[in-house]
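Notes for the structure review
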Amino acid sequence: MSMAYQHDLRAVPEWLNKGDNAWQMTASTLVGIQSMPGLVILYASVVKKKWAVNSAFMALYAFAAVLICWVLVGYRMAFGDELLPFWGKGAPVLGQSYLLSRAKIPESEHRNATGGLEVTEPFYPMATLVYFQFTFAAITLILLAGSVLGRMNIKAWMAFVPLWLIFSYTVGAFSLWGGGFLYHWGVIDYSGGFVIHLSSGIAGLTAAYWVGPRLKSDRERFPPNNVLLMLAGAGLLWMGWSGFNGGAPYAANIDASIAVLNTNICAATSLLVWTSLDVVYFGKPSVIGAVQGMVTGLACITPGAGLVQSWAAIVFGILSGSIPWVSMMILHKKSSLLQKVDDTLGVFHTHAVAGLLGAILTGLLAEPELCKLILPVPNTRGAFYGGNGGIQLLKQMAGAVFIIGWNIVITTIILLAIRLFIPLRMPEEQLVIGDDAVHGEEAYALWGDGEKYDPRKHGLHSTSSLYADDIAPSPYINGARGVTINL
C-alpha cells in the first residue's frame, strides 16, 4: 500500500476526509481563478485602452494584499472567537498547530432539530478553510474596484484595500457566516449574496461617490479595448462559480451538487433573458450585455444556490436577467443620484441589485428539506412553503438593511480618512494620459518593440476621427455614436 493511504500516518488523522479536503481545495482554486486571472483579464479588456494596465493592476494588487491581511488578522475577525455580536477577535493564523488542526468555526454552535448542540467542523484542516475563505474576501475587494476604475489614485487604492477588508468585509462575514448575530437569528446567505455582492455593490457605489467621476471624455466614450479577451475573463468567472457556490457546504456532499447545477442554470437563463431584452429594446444582441446578464445571474443565485429547487433557479435567472437590466438601462438614466455617481462598470446594478434580489428570492423560495441539509436554524423555509416562511422574508430584508447601512458608513469613513493623507482621485494629467502616466507602462505596443506611436513622426499633426454613422453603437459604450478610428 502507498504511504499516502496508510491511515496511521500523522498526515492522515482520523477526522480527515480526503474527498472533502480535495474538493474544498479545488473549490478554493476555482474561486481564486475567478479573480486571478479571471477578473484581472476581464477588467483589463473591458475598459478603455488607456486604462487597461491600471485596471488589471488594481485587481492584482487587491488579491495579494488581501491574502497577507487575511492570515495576519482578517480570518479570525471573520471566523474566530466573538469580540462583538458582529465581529470576531483578530489574530494571526500562521502557526502550524492551528493550521493543521481540524477546521472549526467556534461561534457557529447551535441547536439542531432534536435539541442537540452542533458546531461547524468540516473534515479537513484549518489551512484549507483559511484559504477557501480568503478567495471570497479577495474577490469582494476586486468586484468593488470595478466601481472606481479609470480614475482612483492607485496609492489611495493601496491604502483602501486592507482597511476595507478589516473594518467592513470581516463584519459582514462574521455576522452571517462566522457565528454572529445574523447567523444565529437565521438570516440566509448561502454563499455571499449579502457578504460579497450586496457589500461590494453598495461599497463600490459609495466609493465612486467620494472618489469622483472619470474625465468627461471617458464617461462619454469608454469602449472595451478587447471584447474577445473580455469573454475569456468572463468564462473564467462563470466556470469558477462552481467552486464559489459548490464549496459553500464545506463538503463534497449532495448539497454541493445541487448548488453547482443551480448556479449554472441561473447564469444561463439570466444571460438569455438579458440578451433577449437587448434585442427587443436595441434591435441587436450585445456581447457585453450577455456578460452582464451572466454576472447578474451568478450573483443572484449565490445567496440560495444550495437551498432552492432547480425550477426555482430558472425563476431566479428570469428575474436576474430582467430586473437589473431595467435598473441599469432605464432607471439609471432617470435617477439623478445614479447619474451623478460614476460607477464605472455598473457594479451597483450587477452585484448590489442582483445580490439583494437573490437574497429576497431565497426568503421566498428556500425549500425546507434543502434548508435542513446545511442551515443552523431548524425549520427554516421560504415564504412560498408556508409555516414561518413569511418571517424568513422579513429576516432577509433586515439583514440587507444592516449590510447596506454598515457599508455606506464604514466605506465613507475609510475614504475620508485616507483623503486626509492621499488624494482619492488621480491628478488631471494622469487622467488625460492613463496607464503610461500612472505606471509607465501600456497594454499594447503596436509599433516597434514597445515603442510608442508618435503621429508627428509620420507627418500627422492633427487627430481625426472617422465615424460610421450607419452602424448603430452598442448601448454599453456610453455616448458612442459610431466606430471611431483615431490616428
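These lines cover the structure that appears in this document, whether it is placed above or below. Worth saying up front: this structure is predicted, and the values here are computed from it rather than measured. (Residues numbered from 1 in each chain as written. Predicted model: local features only at pLDDT ≥ 70, side-chain atom pairs only at ≥ 80, totals over all residues. Heavy atoms only, no water.)

1. Comments concerning the packing of helix H10 (residues 254–282) against helix H12 (residues 310–320)
Think of two packed helices as two axes; the pair is described by the angle between the axes and how far apart they sit. The geometry of H10 relative to H12 is characterised by a closest axis approach of 7 Å and an angle of 35° between their N-to-C directions. H10 and H12 meet at a crossing whose hand is right-handed. Of H12, the residues touching H10 (which contributes Ile258, Leu261, Asn262, Ile265, Cys266, Thr269, Ser270, Val273 and Trp274) are Ser310, Ala313, Ile314, Phe316, Gly317, Ile318 and Ser320. Residues of the contact of H10 with H12, tallied by class, amount to 10 nonpolar, six polar and no charged. (Axes fitted to C-alpha atoms, helices over the stretch in contact; angles between N-to-C directions. Helix = DSSP H or I, 4+ residues; strand = E, 2+ residues; numbered from the N terminus. Left-handed = near helix turned anticlockwise from the far one by under 90°. Contact = heavy atoms within 4.5 Å. Nonpolar A, V, L, I, M, F, W, Y, C, P; charged D, E, K, R; others polar.)

2. Focus: empty space enclosed by the protein
Under the criterion given, the structure shown has one cavity of 30 Å³ or more. For the largest cavity, the calculated volume is near 30 Å³. Of all the elements in the fold, those that place two or more residues in the lining of the largest cavity are helix H5 (154–176), helix H7 (193–211) and helix H17 (389–419). Looking at which element gives the most residues to the lining of the largest cavity, the answer is H5, with four residues. When the residues that make up the lining of the largest cavity are grouped by side-chain class, the tally is four nonpolar, four polar and no charged. (1 Å grid on protein atoms, 1.4 Å probe; cavity = no way out; pocket = protein on both sides within 12 Å on 5 of 7 lines; lining within 4 Å. Points joined across faces, edges and corners; volume = space filled by probe spheres on them.)

3. Notes on the packing of helix H13 (residues 323–334) against helix H15 (residues 347–365)
Contact geometry of H13 with H15 gives a least axis separation of 9 Å together with a crossing angle of 135°. The pairing of H13 with H15 is recorded here as oblique in orientation. H13 and H15 meet at a crossing whose hand is right-handed. Contact residues: H13 offers Ile323, Pro324, Ser327, Met328 and His332, while H15 offers His349, Thr350, Val353, Ala354 and Leu357. Counted by class, the contact of H13 with H15 contains six nonpolar, four polar and no charged residues. (Parallel < 35°, antiparallel > 145°, perpendicular 65-115°, else oblique.)

4. Quick word on the pattern of salt bridges
Across all of its chains, the model carries seven salt bridges by this definition. Here Asp218 ties to Lys48 by a salt bridge, and the two come within 2.9 Å at their closest N and O atoms. Of this pair, Asp218 sits in helix H8 (residues 216–220) while Lys48 sits in the loop between helix H1 (18–46) and helix H2 (52–79), placing them 170 residues apart in sequence. Overall, the relative accessible area of 0% leaves Asp218 in the buried class. Taken together, the shared-partner salt bridges connect Lys48, Lys50 and Asp218 into one network. (Salt bridge = Lys/Arg side-chain N within 4 Å of Asp/Glu carboxyl O. Buried < 20%, exposed > 50% of the residue type's maximum accessible area, 1.4 Å probe, protein only.)

5. Comments concerning the packing of aromatic side chains
Aromatic rings considered in pairs are described by the distance between their centres and by the relative angle of their planes. Tallied over the entire structure, the rule returns 24 aromatic pairs. With a centroid separation of 5.4 Å and 20° between ring planes, the pair formed by Tyr75 and Phe79 is classed as stacked. One end of the pair is Tyr75 and the other is Phe79, both in helix H2 and four residues apart, which spans about a single turn. Comparing Tyr75 with Phe79, the two get one shared label, buried. Taken together, the ring pairs connect Phe86, Trp87, Phe167, Phe181, Phe402 and Trp406 into an aromatic cluster. In this arrangement the basic side chain of Arg76 is found over the ring face of Tyr98, its NZ or CZ atom lying 4.0 Å from the centre. (Phe/Tyr/Trp six-rings, centres within 6.5 Å; stacked < 30°, edge-to-face > 60°. Lys NZ or Arg CZ within 6 Å of the ring centre and 35° of its normal.)

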